[in-house]
Amino acid sequence: MSQRSLRLFPFVVAALFAAVPVLAQSQARLQGTVLDETGKPVEGVKITVTTEALATYRQEVETNAKGTFTLALLDATKVYRYKFEKAGYAPYEEEIKIGIGQNERRTFKLLSAAAAAAQGLGGTDPAVEAFNAGAEAFNQGDTSTAIAKMEASK
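Fair warning: this is a prediction, and the values are worked out from it, not measured in the lab. (Residues numbered from 1 in each chain as written. Predicted model: local features only at pLDDT ≥ 70, side-chain atom pairs only at ≥ 80, totals over all residues. Heavy atoms only, no water.)

Enquirer: Where do I start with the pattern of salt bridges in this structure?
Expert: Any two side chains of opposite charge can pair, on the condition that their charged atoms come close. Taken as a whole and assessed by the stated rule, the structure comprises 8 salt bridges. Across the salt bridge formed by Lys83 and Glu85, the nearest N and O atoms sit 3.6 Å from each other. Among the ionic contacts, a cluster of salt bridges with common partners joins Lys46, Arg58 and Glu60. (Salt bridge = Lys/Arg side-chain N within 4 Å of Asp/Glu carboxyl O.)

Enquirer: Explain the sheet that holds strand β7 (residues 103-109) to me, please; I cannot follow it from the model alone.
Expert: Each strand in a sheet pairs with another by means of backbone hydrogen bonds, the pair being arranged parallel or else antiparallel. One open sheet holds the 3 strands; their spatial order is β4-β1-β7, and the pairing between them is mixed. Lying at the two open borders of the sheet, with one neighbouring strand each, are β4 (68-73) and β7. Adjacent strand axes in the sheet meet at a mean angle of 20 degrees, parallel and antiparallel pairs treated alike. Here strand β1 (residues 28-35) pairs with β4 via 6 bridges, running antiparallel. Across the sheet, residue Ala28 finds its bridge partner in β4, namely Leu73. (Pairing = 2+ DSSP bridges. Helix = DSSP H or I, 4+ residues; strand = E, 2+ residues; numbered from the N terminus. Axes fitted to C-alpha atoms, helices over the stretch in contact; angles between N-to-C directions.)

Enquirer: Just to check I follow, could you spell out the sheet that holds strand β2 (residues 46-51) for this structure?
Expert: Taken in spatial order, the 4 strands make up an open sheet running β3-β2-β5-β6, and their pairing is antiparallel. The open sheet is flanked by β3 (54-62) and β6 (92-96), the only strands paired with a single partner. If you compare each strand with its neighbour and ignore which way they point, the axes differ by 20 degrees on average. Two elements, strand β5 (residues 80-85) and β6, share 5 bridges in a ladder whose sense is antiparallel. Residue pairing in the sheet places Lys83 in a bridge with Glu93 of β6.

This is a description of form; function is not addressed.
Set out below in C-alpha cells:
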C-alpha cells in the first residue's frame, strides 16, 4: 500500500460506517400473526410481499407453528401489498404502509374455504384471476403470456 492510500484509509472506513445509519433509517419491520376464523394460529401460510414502486421486488415468508412471521422492509418509504395464501383457505390481500423505523405488530385473519363460502366470499371471478395472472406475467417480462391472459380477462 502506498503512503497516500494509508492516509486515505481511515477516511474511507469512516465514510462507509457513516452510510450504514442512513440506510437503516429507512427500514421498518412487520411482525404478524395469522389466525383462522376461530382464532387459532395458521401454520404454513405463504405471505408474498410486492410493491408497485418496484416491479421486480418480491419477498416471501411462511408462518411458523404459532402462525407468526417477521418481515424486514429495507425501504419503508413505499407501500407494500401483502398476499396471504394457503390451500384450504380463501386468499387475503392488503396494502400496508409502515412508518420509517417502525416495528409494527399486526394480526391477520385468514378464513377457511368453508367459512369464506358460508359468507359468500368463496369463489373468485375468473376474469380477475386472468387479469392478475396477466399482470404477474408482464411484471416477470413474459409479454406473450401477459397478452394472452389479459385477452382472456375480457
